[in-house]
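As a plain string of letters, each chain reads:
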Amino acid sequence: MTTAIDRKLEELGLSLPEAAAPVAAYVPAVEAGGLLHISGQLPFKDGALMTGRLGDGRDLEFGAEAAQRCALMLVAQIKKALDGDLSRVVRIVKLGVFVNSAADFTDQPKVANGASELMVALFGEEGRHARSAVGVPVLPLGAAVEVDAIVAIR
């Protein structure tokens, strides 16, 4: 069954990856009180982790794409947690975006837009969300970006 989200992904030339298994002692998603908390997701492109530090060998365009790839993985995790039924998503409440940044890199919000804009493209007004975008000196496995989410569900 093709959903509205599937059609929007196709229009954008994107597809959902397989939801990644946890790499440490945590679960990908926890539902509590009508909210689905999605663990931080890393960016994969063509099966490879997108690594590097923004402002030190990696540019803004790379970072925004990495954030978008994290958002795709978030949607894959949401879909898995909801047994494939993305129509249960009421609202993307908040994204937390962590950017592997050089000390003088200050465009974390522009990097985060890669994830934010995808959520709006896929979920419409319900995809508009609160957000944090912070620079960090290192991320797991050398990832360029990591994004977590809180999602209101029915």
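Before any of the text, the structure's been laid out above.
All of the points below concern the structure found in this document. Here the structure is a predicted model, which is why all the values come from computation and not from measurement.

Some details on the overall build of the chain
Now for step 1: Across its full length, the chain holds three helices and nine strands.
Now for step 2: Starting at the N terminus and ending at the C terminus, the chain contains elements arranged as α-β-β-β-β-β-β-α-β-α-β-β.
Now for step 3: Relative to the 2.2 N^0.38 estimate, which gives 15 Å for 154 residues, the radius of gyration of the chain is 15 Å and therefore close to what a compact globule would have.
Now for step 4: With 154 residues in all, the chain has 38% of them scored as buried.

A look at unusual backbone geometry
Now for step 1: One non-glycine residue, D46, lies in the positive phi region at around 50°.
Now for step 2: Positionally, D46 belongs in the loop between strand 3 (44–45) and strand 4 (48–49).
Now for step 3: The residue L141 is not glycine, and still its phi comes out positive at about 60°.
Now for step 4: Its location among the elements puts L141 in the loop between strand 8 (130–136) and strand 9 (145–153).

Regarding the pairing of strand 9
Taken residue by residue, a regular strand's side chains alternate between the two faces of the sheet.
Now for step 1: Of all nine residues that make up strand 9, seven are buried, and the element is covered over most of its length.
Now for step 2: Here strand 2 (residues 35–41) runs beside strand 9; their pairing, made up of five bridges, is antiparallel. Opposite I38, over in strand 9, you have A149 as the bridge partner.
Now for step 3: As judged from the nine bridges shared by strand 7 (residues 89–100) and strand 9, these two strands associate in the antiparallel manner. When the sheet's bridge partners are listed, F98 is paired in strand 9 with E146.

Digging into the sheet that holds strand 2
Now for step 1: Spatially, 1-2-9-7-8 is the arrangement adopted by the five strands of the open sheet, whose pairing is mixed. What marks the edges here is a single partner per strand, and that holds for strand 1 (29–32) and strand 8. This sheet shows a mean twist of 15° between the axes of neighbouring strands, independent of strand direction.
Now for step 2: Against the sheet, helix 2 (residues 60–81) engages strand 1, strand 2, strand 7 and strand 9, with an angle of about 40° to strand 9.

What counts and how
Residues numbered from 1 in each chain as written. Predicted model: local features only at pLDDT ≥ 70, side-chain atom pairs only at ≥ 80, totals over all residues. Heavy atoms only, no water. Helix = DSSP H or I, 4+ residues; strand = E, 2+ residues; numbered from the N terminus. Rg over C-alpha atoms; globule rule 2.2 N^0.38 Å. Buried < 20%, exposed > 50% of the residue type's maximum accessible area, 1.4 Å probe, protein only. Pairing = 2+ DSSP bridges. Axes fitted to C-alpha atoms, helices over the stretch in contact; angles between N-to-C directions. Contact = heavy atoms within 4.5 Å.

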